[in-house]
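# Coordinates in review
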Amino acid sequence: MKSFIELNEDDTQRFYELLEVKKLLIKRALYKVNIPQKLHDEFYGYGMEGLLVSFLILQDGGIDPSDFDRFAFVTIKRKLIDEIRRRNRHESIPLDIFENNSDVVGNDYDFLYIELINYLKDTLNLSEWEFFEEYTKTLNVKKTAIALGISLASAYRLHKHIKGVCEQFLLNI
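We now turn to the structure provided with this report. Keep in mind it's a predicted model, so treat the numbers as computed, not measured. Going along each chain's sequence as written, the residues are numbered from 1 onward. Totals for whole chains, interfaces and linings use all residues, but because this is a predicted model, local features are given only for residues with pLDDT of at least 70 and pairs of side-chain atoms are given and counted only at 80 or more. Working from all heavy atoms in the structure, the side-chain values ignore hydrogens and water.

All right, on to the overall build of the protein then. Each helix and strand counted, the protein has seven helices and zero strands in total. Out of the 173 residues belonging to the protein, those deemed buried represent 33%. Contacts in the protein between residues far apart in sequence, at least 24 positions, make up 64% of those at least 6 positions apart. With an accessible surface of roughly 11,600 Å², the protein has 53% of that area assigned to carbon and sulfur atoms. Numbering of helices and strands starts at the N terminus; helices are DSSP runs of H or I of at least 4 residues and strands are runs of E of at least 2. In this scheme, a residue with accessible area under 20% of its type's maximum is buried, one over 50% is exposed, and one in between is partly exposed, where area comes from a 1.4 Å probe on protein chains only. Residues are treated as being in contact if the distance between any of their heavy atoms lies within 4.5 Å. All accessibility values rest on the Shrake-Rupley procedure with a 1.4 Å probe; residue burial counts only the protein chains present in the view.

Okay, here's the thing in structure tokens:
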């Protein structure tokens, strides 16, 4: 038998504020679990439930606030997977998560690419961003250095730094 927890008005308000800030975690989890795009609205509520569970554990001091995003992301994915399993176990509402899988994978990469670009825009300074834009045109450090009129050593330093920023982004998703 499931127990129900009632939130007071302050906690409810804090959760809604958190939901507004962290709703991207739910969307990312939907893509990561390969929920078909047409079912995202249907499964969004289960993602919210995972975020609420994470919020309650954070409120009780069960996790460190610095670990919240990672913990919430895993909890949201677990809630989504639990619902997929529940539906497939009872076969009352079949869900073929592999339907249109190539579309989902394509959308997943598109989604991650957009997130990466936004992350780089927020993280890189102007000269690093200009290098990145030019580098994506040629994918060649030497040609990029020539096009920007910078030394090859500077170009390699910028390339290494931007690569590290991209790796950091990928480790945090």
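Moving on to the packing of aromatic side chains. Think of it this way: a Phe, Tyr or Trp ring, Trp meaning its six-membered ring, pairs with another when their centres are within 6.5 Å, and the plane angle makes it stacked under 30 degrees, edge-to-face over 60, tilted otherwise. Within this structure, the stated rule accounts for six aromatic pairs. Arranged with centres 6.1 Å apart and planes meeting at 50°, the rings of phenylalanine 15 and tyrosine 16 form a pair that is tilted. Pairing tyrosine 119 with phenylalanine 169 gives two aromatic rings, centres 5.3 Å apart and planes at 40°, and the pair type is tilted. With tyrosine 119 in helix 4 (residues 101-123) and phenylalanine 169 in helix 7 (residues 152-172), this pair connects stretches of sequence that are 50 residues apart. An aromatic cluster is built from Phe15, Tyr16 and Phe55, whose rings are joined through pairwise contacts.

Turning our attention to the pattern of salt bridges. The term salt bridge refers to a side-chain nitrogen of Lys or Arg lying within 4 Å of a carboxyl oxygen of Asp or Glu. Here the structure, examined in full by the defined rule, presents seven salt bridges. The salt bridge involving arginine 86 is made with glutamate 83; its shortest N-O contact spans 2.7 Å. Taken together, the residues arginine 86 and glutamate 83, both in helix 3 (residues 68-90) and three residues apart, mark about one turn of the helix. We note a salt bridge from glutamate 134 to lysine 137, for which the minimum N-O separation is 3.5 Å. Remark: lysine 137 and glutamate 134 occur in helix 5 (residues 126-138); sequence separation between them is three residues, near one turn of the helix.

Our focus in this paragraph is helix 5. By definition here, a helix of n residues has an expected span of 1.5 Å times n minus one. Over its 13 residues, helix 5 extends 19 Å from the first C-alpha to the last, a length consistent with the 18 Å expected when each residue adds 1.5 Å. Looking at helix 5, one finds that the buried residues are Glu128, Trp129, Phe131, Phe132, Glu134 and Tyr135. In the segment just after helix 5, leucine 139 is the residue with positive phi, at about 55°.

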